[in-house]
Amino acid sequence: MITWQVVADGPLRRLDERVDHHLAGRGPQSLAQVLADLGSMPVALPVLALALGYALWRGARATALIAALTMALVPALIVPLKTWTDRAGPLTSDTGYYPSGHTATAMVAYGVSALLLTSYVRRRWVPPVAAGVLTVATGIGLVLHGYHWPLDVLASGCLCGVLLIVSSMGMRRSSRRAAASAAGKMKDPAA
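What you see as residue numbers is a count from 1 along each chain, following the sequence as written. Predicted model: local features are reported for residues with pLDDT of at least 70 only, side-chain atom pairs are reported and counted for 80 or more only, and whole-chain, interface and lining totals are derived from all residues. Think of the side-chain values as coming from all heavy atoms in the structure, minus any hydrogens and water.

## Quick notes on the overall build of the protein chain
Piece 1. The helix and strand tally for the protein chain stands at eight helices and zero strands.
Piece 2. Reading the protein chain from its N end, one meets helices and strands in the order α-α-α-α-α-α-α-α.
Piece 3. Principal axes of the C-alpha set define a box for the protein chain whose edges measure 70 × 35 × 25 Å.
Piece 4. Burial classes: relative accessible area under 20% of the type maximum marks a residue as buried, over 50% as exposed, and values in between as partly exposed (1.4 Å probe, protein chains only). Put simply, the protein chain has 191 residues, and 40% of those count as buried.
Piece 5. For the protein chain, restricting intrachain contacts to residue pairs at least 6 apart in sequence, the fraction spanning at least 24 positions comes to 78%.
Piece 6. The method behind every accessible area is Shrake-Rupley, applied with a 1.4 Å probe, and residues are considered shielded solely by the protein chains displayed. Accessible surface for the protein chain amounts to roughly 10,500 Å². Of this, 69% is attributable to carbon and sulfur atoms. Strands are runs of DSSP state E lasting at least 2 residues, helices are runs of H or I lasting at least 4, and numbering of each runs from the N terminus. When checking whether two residues touch, look at their non-hydrogen atoms; a contact exists if any pair is within 4.5 Å.

Put into structure tokens, the structure is as follows:
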């Protein structure tokens, strides 16, 4: 629905643009820049690489592969949407701003990192909460700095939320298979 509203210049898009004019350039711009940078590849991908490395070290090869493939899907989904929608940014006539690639990168990199690490920490709520805070902070920084319209950020969140749900289901299924396989080997040492 969001994409349809953006492409068709619907009332939601017009509301988005009115709201953004009250947000873009507001607040401390140096902080907005730092927050926006949380979704950049040089920041988010090393976090994911560390989580992948830890999962691999712990022997969770299948879940690490699912996480890596989920991250690889981000540009495959976002870039064609940017080209198709051809939306200009809030403070520029340049196009390719919808949906937000930085929000997508942040949400998936931090989200799959949280999925990978949750089973290894005592307080299981910490990784998903941290991932959520980092993603929301990225979106706020992007809007306040004027890099994206609010709908750009929201659309990435919706799309990547679906990606994370599918990834989570695949990781859980993979973990169950690995646990069943390990239990089977313990019962039958000859296997």
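## A closer look at the packing of aromatic side chains
Piece 1. Stacked, tilted and edge-to-face pairs are distinguished by plane angle, under 30 degrees for stacked and over 60 for edge-to-face with tilted covering the rest, among Phe, Tyr and Trp rings (Trp via its six-membered ring) whose centres lie within 6.5 Å. Summed over all chains, the structure comprises two aromatic pairs.
Piece 2. When the ring of Tyr-54 is compared with that of Trp-57, the centres are 5.7 Å apart and the planes differ by 40°; the resulting orientation is tilted. Within this pair, Tyr-54 and its partner Trp-57 are both found in helix H4 (residues 41–57), separated by three residues, close to a single helical turn.
Piece 3. When its relative accessible area of 30% is taken as the criterion, Tyr-54 is described as partly exposed.

## Describing the pattern of salt bridges
Piece 1. We count a salt bridge whenever a side-chain nitrogen from Lys or Arg sits within 4 Å of a carboxyl oxygen from Asp or Glu. Applying the stated criterion to the full structure yields five salt bridges.
Piece 2. Residues Glu-17 and Arg-13 are paired through a salt bridge, measuring 2.9 Å at the closest nitrogen-oxygen approach. Residue Glu-17 and its partner Arg-13 are both found in helix H2 (residues 11–23); the two are separated by four residues, about one turn of the helix.
Piece 3. Look at Glu-17 and you get partly exposed, because its relative accessible area is 21%.
Piece 4. Here Asp-16 makes a salt bridge to Arg-87, at a shortest N to O gap of 2.9 Å. With Asp-16 in helix H2 and Arg-87 in the loop between helix H5 (61–85) and helix H6 (101–117), this residue pair connects regions lying 71 residues apart in the sequence.

## A look at a nonpolar patch on the surface
Piece 1. Taken together, Trp-125, Val-126, Val-129 and Val-133 make up a surface patch of nonpolar side chains, about 380 Å² in accessible area.
Piece 2. Along the chain, the position of Trp-125 falls in the loop between H6 and helix H7 (126–145). By definition, no residue in a patch forms a salt bridge, and every one has over 30% relative accessible area; like charges are joined within 9 Å, nonpolar side chains (Val, Leu, Ile, Met, Phe, Trp, Tyr) within 5 Å.

## A short note on unusual backbone geometry
Piece 1. Of the consecutive residues Tyr-98 and Pro-99, the connecting peptide bond is found in the cis state with omega at -10°.
Piece 2. Relative to the elements of secondary structure, Pro-99 occurs in the loop between H5 and H6.
Piece 3. The phi torsion at Asp-9 lies on the positive side, around 55°, for a residue other than glycine.
Piece 4. Following the sequence through the fold, Asp-9 ends up in the loop between helix H1 (2–7) and H2.
Piece 5. Owing to a relative accessible area of 39%, Asp-9 belongs among the partly exposed residues under this scheme.
Piece 6. Despite not being glycine, Asp-86 shows a phi value in the positive range, around 55°.
Piece 7. For Asp-86, a relative accessible area of 46% puts it in the partly exposed group.

## Points about the packing of helix H3 (residues 29–37) against H7
Piece 1. Across the interface, H3 lies against H7 with an axial gap of 7 Å and an inter-helix angle of 135°. Classified by the angle their axes make, H3 and H7 are oblique. Pair H3 / H7 crosses with left-handed handedness. Seen from H3, the contacting residues are Gln-29, Ala-32, Gln-33, Leu-35 and Ala-36; seen from H7, they are Ala-137, Thr-138, Gly-141, Leu-142, Leu-144 and His-145.
Piece 2. Broken down by class, the residue content of the contact of H3 with H7 amounts to six nonpolar, five polar and no charged. As a rule, the C-alpha atoms of each element are fitted with a line to give its axis, helices using only the stretch in contact, and angles between N-to-C directions run from 0 to 180 degrees. Oblique is the label for any angle not under 35 degrees, not over 145, and not in the 65 to 115 range, which are roughly parallel, roughly antiparallel and roughly perpendicular in turn. A clockwise turn of the near helix away from the far one marks a right-handed crossing, whereas an anticlockwise turn of less than a right angle marks a left-handed crossing. Throughout this entry, Asp, Glu, Lys and Arg are counted as charged residues, while Ala, Val, Leu, Ile, Met, Phe, Trp, Tyr, Cys and Pro are counted as nonpolar. The remaining residues, Gly among them, count as polar.

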